[in-house]
Amino acid sequence: MVNMAGSGHPGGSLSSTDLLTVLFFDQLNHSPKSWRRDGKGKDMFFLSAGHLSPVFYSVLARSGYFPVSELATFRKLGSRLQGHPSIERGLPGVHVASGSLGQGLSVACGAAITKMLNGEKNFIYVLMGDGESEEGQVWEAAMFAAHHKLDRIIAVTDWNGQQIDGPVSKIMNLGNLEAKWNAFGWETSVVDGHNLEAIAEAYQKAKANTGNGKPKMLLMKTEMGQDVDFMQGTHQWHGKAPNKEQTEAALKQLKETLGDF
Amino acid sequence: MNEKYINTGNKDTRSGFGAGLLEAGRKNPDIVALCADLTGSLKMDAFAAEFPDRFIQCGIAEANMIGTAAGLAVSGKVPFAGSFAEFVTGRVYDQVRQVVAYSHTNVKICASHAGITLGEDGATHQTMEDIGLMRMLPNLTVINPCDYNQTMAATLAIAEYEGPVYLRFGRPSVANFTPAGQKFEIGKAITLIEGTDVTIFATGHLVWEAIVAAEILEKEGISAELINIHTIKPLDEKAVLESAAKTGAVVTAEEHLVAGGMGELIAGLLTRELPKPVEFVAVDDLFGQSGEPSELLKVYGLDAENIVKAAKKAIGRK
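Procedures and definitions
- Residues numbered from 1 in each chain as written.
- Chains lettered and ligands numbered in written order.
- Predicted model: local features only at pLDDT ≥ 70, side-chain atom pairs only at ≥ 80, totals over all residues.
- Helix = DSSP H or I, 4+ residues; strand = E, 2+ residues; numbered from the N terminus.
- Buried ≥ 20, exposed ≤ 12 C-beta atoms within 10 Å, placed from the backbone.
- Rg over C-alpha atoms; globule rule 2.2 N^0.38 Å.
- Contact = placed C-beta atoms within 7 Å.
- Expected span 1.5 Å × (residues − 1).
- Pairing = 2+ DSSP bridges.
- Axes fitted to C-alpha atoms, helices over the stretch in contact; angles between N-to-C directions.
- Right-handed = clockwise from strand over helix to strand, strands pointing away.
- Parallel < 35°, antiparallel > 145°, perpendicular 65-115°, else oblique.
- Left-handed = near helix turned anticlockwise from the far one by under 90°.
- Nonpolar A, V, L, I, M, F, W, Y, C, P; charged D, E, K, R; others polar.
- Core = buried A, V, L, I, M, F, W, Y, C linked by C-beta atoms within 7 Å.
- Domains from an automatic or database assignment.

Engineer: Could you clarify how one ought to interpret the overall build of chain A in this entry?
Structural biologist: On a plain count of helices and strands, chain A comes out with 10 helices and 7 strands. Dimensions of chain A, computed from the C-alpha atoms along their principal axes, are close to 50 × 45 × 30 Å. With 261 residues in all, chain A has 50% of them scored as buried.

Next comes the structure, spelled out in structure tokens:
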């Protein structure tokens, strides 16, 4: 997809593929064919780190939200698959636009309050990046969610340790991220973000602990560019498209590429 | 003469908002209100007392408030998010842009203490850029009512309108003169006084100043038409063009900078469709300062006397 578009963000998309795949194919209470923007009676998913659009669109298409063939329009003129998610052309699965970072958790808080007021027992999921957590608004939302006891929010951080300019530890060290979320009143777990059983277990546990008044943060330890040797563990592929040869080399290394991209 | 515009007693427009919010909340159980630690200043306390579950305290964290409002809207609620005008525009511009305007969420951004008549707090709080910032955003409706009654009516109207809205009102007690219970039609300008020599297009607190100005002009034999532009976006272009064609001279009056304001919007329309002399009563590239509202209006050239001067100048350029 990113190769065909000639631009995009492969690194973070690969690091969050496993955690999103488990969520959409195993955990989420959703109905892709009859998706509603207001999420009535269903779980809701918000992608805060909008640049993870390649993996997000892939997971949506393969879950049945829209035809897989539409993935070829990514970043092209007139496409519903904008570079960063948009609602303007009505892409099923997208509740609000994202791309300017740090805003998704706040939106999730609003949706969680609606569910609380309506007495709906659904979960609200948000996917954020670790670099994104440098945005101040994330911590405004963290305080807010704990204060209002929004314990049906399950936030996931794709903790790949990389951002555009380099390793997160060198660019803006987040320090003890687990302690920070705990201190903000969240139930926080550190999870191996490339172990499918561990990921599923973490989601299950977060759901099971509803009622304790604490929003949930799953810090998923991942590798930027997971499973592609020349992309893995480096910030170099945060926002760069592979060429044809690189794409072929990468797809050969992946255990399952579904053969279409 | 203008006897029909009688000041029934000074009142603040923010109290009109508070009264409208309470009434709208009684009509529609999906209406929720959010505030960032300024509940009393925004006059949202009556709503909060009657509907404690539907009032969401956000603390001093406006960016999160706007995002939360968007999440409430997308899931079916009708959120009214309030703070001082500066803090729900300039401080959170990117949030309003991405999750409200671009995302078409049904959020009502409620901006009190707009303009220079906020007074003594000084320039950090006196935004005169907000109309420009908000009207630049596609999809957003921008409304600036003129008195208590009209602010209440506008609040009720936007509660029933589907789409993102910026509602601008203020702190000082000003003349309350529009009829109580008058239906508020979004995007429909109101002709307050008919005239033939010059048209004054006024918005917000300066509508009353313009009424006073029209009375002064009439005593001097000048017939001024006065139109209340309570909705800045979408602009009632038909009303502007018809009146400008009739009088041939235009004054715009607003508690805002010239840059980005209603005056520029009207001047742009006339330049394209019907070139006529236009004079701006607005602040030209300056920050405000502490002072009493009436003093500030005078010093910054926004009172009735300045509207009179501008009218004469516009007529002289015909």
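Engineer: Sorry, what's going on with the overall build of chain B here?
Structural biologist: Check the secondary structure of chain B and you find 11 helices and 14 strands. For 318 residues, the compact-globule estimate of 2.2 N^0.38 gives 20 Å, and the C-alpha radius of gyration of chain B, at 19 Å, lies within 12% of that figure. Projecting the C-alpha coordinates of chain B onto the three principal axes gives extents of approximately 55 × 40 × 35 Å. Counting the 318 residues in chain B, one finds 62% classified as buried. Expressed as a percentage of contacts within chain B between residues at least 6 apart in sequence, the contacts between residues at least 24 apart total 81%.

Engineer: Whenever I open this one, helix 6 (residues 136–147) of chain A confuses me. Can you help?
Structural biologist: Two residues of an α-helix separated by three or four positions point the same way, owing to the 3.6 residues in each turn. Across its 12 residues, helix 6 of chain A extends 17 Å between first and last C-alpha, which sits within 8% of the 16 Å expected from 1.5 Å per residue. For helix 6 of chain A, the full list of buried residues reads Gln137, Val138, Glu140, Ala141, Ala142, Phe144, Ala145 and Ala146 of chain A. Buried residues along helix 6 of chain A sit against helix 5 (104–118), strand 2 (124–129), strand 3 (153–159) and helix 8 (177–183) of chain A together with helix 3 (62–74) of chain B. Downstream of helix 6 of chain A by one or two residues, lysine 149 of chain A has phi in the positive range, about 55°.

Engineer: Quick question: what am I supposed to make of the sheet that holds strand 4 (residues 78–84) of chain B here?
Structural biologist: Within a beta sheet, neighbouring strands are joined by backbone hydrogen bonds and run either parallel or antiparallel to one another. Residue and element names in this part refer to chain B. Read across the open sheet, the 7 strands follow the order 3-2-4-5-7-6-12; overall the sheet is mixed. Looking at which strands have only one partner, the edges of the open sheet turn out to be strand 3 (55–57) and strand 12 (231–233). When strand polarity is set aside, the average angle formed by the axes of neighbouring strands in this sheet is 20°. Summarising the sheet, strand 2 (residues 31–35) and strand 4 pair through 5 bridges and their orientation is parallel. Its bridge partner being in strand 4, leucine 34 is matched across the sheet by alanine 81. Each of strand 2, strand 3 and strand 4 is contacted by helix 3, which is oriented at about 165° to strand 4, the strand it contacts most.

Engineer: Looking at this model, I keep getting lost on the pairing of strand 4 of chain B. Mind explaining?
Structural biologist: Taken residue by residue, a regular strand's side chains alternate between the two faces of the sheet. Residue and element names in this part refer to chain B. Taken across its 7 residues, strand 4 has 7 buried, putting it largely inside the fold. Inspection of the sheet shows strand 4 paired to strand 5 (residues 108–112) by 5 bridges, in the parallel sense. Bridge assignment links glycine 82 to a residue of strand 5, and that residue is cysteine 110. Considered for its hand, the β-α-β crossover made up of strand 4, helix 4 (residues 93–101) and strand 5 is right-handed.

Engineer: Help me understand the pairing of strand 7 (residues 216–221) of chain A, please; the structure alone is not making it clear to me.
Structural biologist: All names here are of chain A. Taking burial as the measure, the 6 residues of strand 7 include 5 buried ones, the bulk of the element. As defined by bridge partners, strand 3 adjoins strand 7 across 6 bridges and the pair is classed as parallel. Paired with threonine 157 across the two strands is leucine 219, which belongs to strand 7.

Engineer: Explain the packing of helix 3 (residues 17–27) of chain A against helix 4 (residues 53–63) of chain A to me, please; I cannot follow it from the model alone.
Structural biologist: The relative placement of two packed helices comes down to the angle between their axes together with the axis-to-axis distance. All names here are of chain A. As a packed pair, helix 3 and helix 4 sit with axes 10 Å apart at the nearest point and diverge in direction by 30°. By the angle between their directions, the pair helix 3 and helix 4 is classed as roughly parallel. Here helix 3 runs over helix 4; the crossing is right-handed. Two secondary-structure elements touch here, helix 3 through Thr17, Leu20, Thr21, Phe24 and Phe25 and helix 4 through Val55, Val59 and Ser63. Each residue belonging to the contact of helix 3 with helix 4 can be placed in one class, and the counts come to 5 nonpolar, 3 polar and no charged.

Engineer: I would appreciate a short explanation of the nonpolar core in the present structure.
Structural biologist: Nonpolar side chains tend to gather and get buried jointly when the protein is soluble and globular. Counting 179 residues, the largest nonpolar core has Val126 of chain A together with Ile200, Ala210, Ile307 and Ala311 of chain B as its most contacted members. Domain assignment of the residues forming this core places at least three in each of domain 1 (11–174) and domain 2 (190–311) of chain B. Ignoring anything within four residues of it in the chain, the contact list for isoleucine 307 of chain B reads Ile200, Glu209, Ala210, Ala213, Val251, Ala253 and Val281 of chain B. By size, the runner-up hydrophobic cluster in this structure holds 6 residues, among which are Leu14, Met224, Val228 and Trp237 of chain A.

Engineer: So what exactly am I meant to see when it comes to the interface of chain A and chain B here?
Structural biologist: Many analyses report the size of an interface as the accessible area lost when the parts associate. Each partner contributes residues to the interface: chain A has 22 residues there, and chain B has 24 residues. Of all the elements, helix 5 of chain A adds the most residues to the side of chain A that touches chain B, at 9 residues. Its residues assigned to classes, the side of chain A that touches chain B comprises 11 nonpolar, 8 polar and 3 charged.

Engineer: What is the right way to read the domain arrangement of chain B from this model?
Structural biologist: All names here are of chain B. According to the domain assignment, chain B consists of domain 1 (11–174) and domain 2 (190–311). Taken over C-alpha atoms, the centre of domain 1 sits 25 Å from the centre of domain 2. Listed by partner, the interface residues are 28 residues for domain 1 and 30 residues for domain 2. Secondary structure elements with two or more residues in the side of domain 1 that touches domain 2: helix 5 (130–135), strand 6 (141–143) and helix 6 (148–160). Considering only residue class, the side of domain 1 that touches domain 2 consists of 13 nonpolar, 10 polar and 5 charged.

Engineer: Help me understand unusual backbone geometry in this model?
Structural biologist: Working note: non-glycine residues mostly have negative phi, and peptide bonds are mostly trans. Residues and elements named next belong to chain B. Along the chain, lysine 233 connects to proline 234 via a cis peptide bond; the corresponding omega equals 0°. Structurally, proline 234 is set in the loop between strand 12 and helix 8 (237–247). Here the phi dihedral of aspartate 37 falls at roughly 65°; this positive angle occurs in a residue that is not glycine.

Engineer: Mind showing me how you'd approach the packing of helix 1 (residues 13–27) of chain B against helix 6 of chain B here?
Structural biologist: Residues and elements named next belong to chain B. Running from amino to carboxyl end, helix 1 crosses helix 6 at an angle of 35°, the nearest separation of the two axes being 7 Å. Between helix 1 and helix 6 the crossing geometry is right-handed. Side by side, helix 1 and helix 6 meet where Thr13, Ser15, Gly16, Phe17, Ala19, Gly20, Leu21, Glu23 and Ala24 of the first sit next to Tyr148, Asn149, Thr151, Met152, Thr155, Leu156 and Ala159 of the second. Classifying every residue of the contact of helix 1 with helix 6 gives 8 nonpolar, 7 polar and 1 charged.

Engineer: Can you help me understand the environment of histidine 30 of chain A in this one?
Structural biologist: Residues and elements named next belong to chain A. Tracing the backbone through its elements, the reader meets histidine 30 in the loop between helix 3 and strand 1 (44–47). A tally of 21 C-beta atoms within 10 Å means that histidine 30 is categorised as buried. Beyond its immediate stretch of four places on either side in the chain, histidine 30 contacts Lys42 and Asp43.

Engineer: Would you mind going over the environment of lysine 149 of chain A with me for this structure?
Structural biologist: Residue and element names in this part refer to chain A. As for its position among the elements, lysine 149 is in the loop between helix 6 and strand 3. Lysine 149 gets classed as partly exposed once you count the C-beta atoms within 10 Å, which come to 15. Each C-alpha atom of the pair lysine 149 and leucine 23 lies 23 Å from the other, and the pair is 126 residues apart in sequence.

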